[in-house]
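Now for the letters of each chain:
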Amino acid sequence: MYDVFVARSPAPWKVLIALEEIGADFVEHHINPGVGEQLTPEFKKLNPNSKIPVLVDNAPLDRDEPYVVFESGAILLYLAEKHGQLMPEDMRHRYEAIQWIMWQMSGLGPIFGNARHFRHFAPEPVPYGITRFSRECSRLCSVLDTHLSDREYIAGTAYSMADICVFPWLLYAQSNGVDEGAYPNLDRWFAMIDARPAVQRLGARTWKTYDYAAATPVDDAARQILFGRTR
Ligand SMILES: N[C@@H](CCC(=O)N[C@@H](CS)C(=O)NCC(=O)O)C(=O)O
């Protein structure tokens, strides 16, 4: 029913977790950003921003014509609406989920991405960049830790797309300088999400078994493709 374009990174993992949770039929297409597979005219037709993930729904509910969605947060909301799953029904909890999805998309994701960039991909050490973004990673973890101090899941008592949206970047918390054990509510929540069968299934074929160090695209050609473009 779905074609999903993915790479080995947190934004695509959100979508794969959601598809696994829903039990949807999907075909995965792997895009290698280090060699520029996101820059082809064919891929740009799917996502003009040349980023992964992209979801193609071959059986949308409105008409008999595939529908394409890019931006992982939008994909999660699309899947939730189409399948009637993983978003709270009552308005207050639904908007709590939406707020935290926006928080992840505009804050946690870009900040964790920048911390990772300065720590692992910058061609020369930039201490200010490392400190600035690592501190912000810790601050964001602290915000979520406080939020989770009086609720089980991000949007209250039910697992939702907000949990799926936030979880994958936190796999990089420690490698982005976040102190292990400093955020007990976050750790409790993280372990609970990690233990879900759908998350375990995806983890087993991605972050738990894949050698990221060996695959890190740090040669000059990949750096130019990933970080040297102006269009
Ligand atoms: N806000 C986007 C971010 C997507 C994103 O940055 N994806 C990376 C994951 S691999 C990517 O496409 N990188 C390739 C590039 O920047 O050229 C989302 O959440 O979908």
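Just so it is clear, the model here is predicted, and its values are computed rather than measured.

> Teacher, can you tell me more about the packing of aromatic side chains here?
For any pair of aromatic rings, the description rests on two quantities: the centre-to-centre distance and the angle between the ring planes. For the coordinates displayed, the defined rule picks out eleven aromatic pairs. The positively charged end of Arg132 is found above the aromatic ring belonging to Phe133, 5.6 Å away from the centroid. Above the ring of Tyr159, the side-chain terminus of Arg196 is found at 3.5 Å from the ring centroid.

> I keep staring at the confidence of the model for the protein and nothing clicks. Help me out?
Low pLDDT marks stretches whose predicted atomic positions should not be read closely. Put simply, the protein has an average pLDDT of 96, and 97% of its residues get 70 or more. Highest mean pLDDT in the protein belongs to strand 3 (residues 54-57) (99); lowest belongs to helix 9 (residues 212-215) (60).

> How should the packing of helix 3 (residues 72-83) against helix 4 (residues 91-121) be read in this particular structure?
Packed helices, taken two at a time, are described by the angle between their axes plus the distance between the axes. Viewed as axis vectors pointing N to C, helix 3 and helix 4 meet at an angle of 155°, and their least axial separation amounts to 9 Å. Between helix 3 and helix 4, the interaxial angle falls into the category roughly antiparallel. Every residue of helix 4 that contacts helix 3 at Ser72, Gly73 and Leu77 is listed here: Ile98, Ile101 and Met105. Tallied by class, residues from the contact of helix 3 with helix 4 come to four nonpolar, two polar and no charged.

> In this structure, what is going on with the pattern of salt bridges? I would like to understand it.
A side chain of one charge can pair with a side chain of the opposite charge if their charged atoms are brought near each other. All told, the structure shown has eleven salt bridges when counted by the stated rule. Residues Glu21 and Arg196 are paired through a salt bridge, measuring 2.8 Å at the closest nitrogen-oxygen approach. Here Glu21 is found in helix 1 (residues 10-22), whereas its partner Arg196 is found in the loop between helix 7 (184-194) and helix 8 (197-205), with 175 residues between them in sequence. In this structure Glu21 comes out as buried when scored by relative accessible area, which is 18%. Where Asp220 meets Arg223, a salt bridge forms, and the shortest distance between an N and an O atom there is 3.6 Å. Placement of both Asp220 and Arg223 in helix 10 (residues 220-227) is noted, with a separation of three residues, approximately one turn of the helix.

> So what exactly am I meant to see when it comes to the packing of helix 1 against helix 6 (residues 161-170) here?
Where helix 1 contacts helix 6, the axes come no closer than 8 Å and their chain directions differ by 140°. Between helix 1 and helix 6, the angle falls in the class oblique. For the element pair helix 1 and helix 6, the recorded crossing hand is right-handed. Across from Pro10, Trp13, Lys14, Ile17, Ala18, Glu21 and Ile22 in helix 1, the residues of helix 6 making contact are Met161, Ile164, Cys165, Phe167, Pro168 and Trp169. For the contact of helix 1 with helix 6, the class distribution of residues is eleven nonpolar, no polar and two charged.

> I would appreciate a short explanation of the site of the ligand in the present structure.
Within the structure, the ligand sits among 13 residues, and Gln38, Lys51, Ile52, Glu71 and Ser72 are positioned closest to it. One nitrogen or oxygen atom from the main chain of Ile52 is found 2.7 Å from a nitrogen atom belonging to the ligand. Between the ligand and Arg229 there is a distance of 3.3 Å, counted from an oxygen atom to a side-chain nitrogen or oxygen. Alone, the ligand offers 500 Å² of accessible surface; in the complex the protein occludes 78% of this.

> Which parts of the structure should I look at to understand the domain arrangement of the protein?
For an interface, size is often stated in terms of accessible area lost upon the parts coming together. Domain annotation for the protein reports domain 1 (2-86 + 207-227) and domain 2 (91-195). Look at where the C-alpha atoms of domain 1 and domain 2 centre, and you get two points 20 Å apart. With 23 residues of domain 1 at the interface, the matching set in domain 2 holds 20 residues. Together, the buried faces of domain 1 and domain 2 total about 1,800 Å²; carbon and sulfur atoms form 76% of this surface. Broken down residue by residue, the surface that domain 1 buries against domain 2 is led by Pro10, Lys14 and Leu86, which jointly contribute 30%. Where domain 1 touches domain 2, the interface holds one salt bridge. Note that Asp194 is salt-bridged to Lys208, the shortest N-O span being 3.4 Å. In this structure, the connection of domain 1 to domain 2 is made through five residue pairs in polar contact (both at pLDDT 80 or more). If you list the elements that add at least two residues to the side of domain 1 that touches domain 2, you get helix 1, helix 3 and helix 10. Broken down by element, the side of domain 1 that touches domain 2 gets its largest block of residues, seven residues, from helix 1. The class makeup of the residues in the side of domain 1 that touches domain 2 is 15 nonpolar, three polar and five charged.

Definitions and limits used
Residues numbered from 1 in each chain as written. Predicted model: local features only at pLDDT ≥ 70, side-chain atom pairs only at ≥ 80, totals over all residues. Heavy atoms only, no water. Phe/Tyr/Trp six-rings, centres within 6.5 Å; stacked < 30°, edge-to-face > 60°. Lys NZ or Arg CZ within 6 Å of the ring centre and 35° of its normal. pLDDT = per-residue confidence, 0-100. Helix = DSSP H or I, 4+ residues; strand = E, 2+ residues; numbered from the N terminus. Axes fitted to C-alpha atoms, helices over the stretch in contact; angles between N-to-C directions. Parallel < 35°, antiparallel > 145°, perpendicular 65-115°, else oblique. Contact = heavy atoms within 4.5 Å. Nonpolar A, V, L, I, M, F, W, Y, C, P; charged D, E, K, R; others polar. Salt bridge = Lys/Arg side-chain N within 4 Å of Asp/Glu carboxyl O. Buried < 20%, exposed > 50% of the residue type's maximum accessible area, 1.4 Å probe, protein only. Left-handed = near helix turned anticlockwise from the far one by under 90°. Near = heavy atom within 4 Å. Polar contact = N/O pair within 3.5 Å; in protein donor to acceptor, adjacent residues only side chain to side chain. Areas by Shrake-Rupley, 256 points an atom, 1.4 Å probe, with all protein chains shown as cover. Domains from an automatic or database assignment. Buried area = accessible area lost by both parts, 1.4 Å probe.

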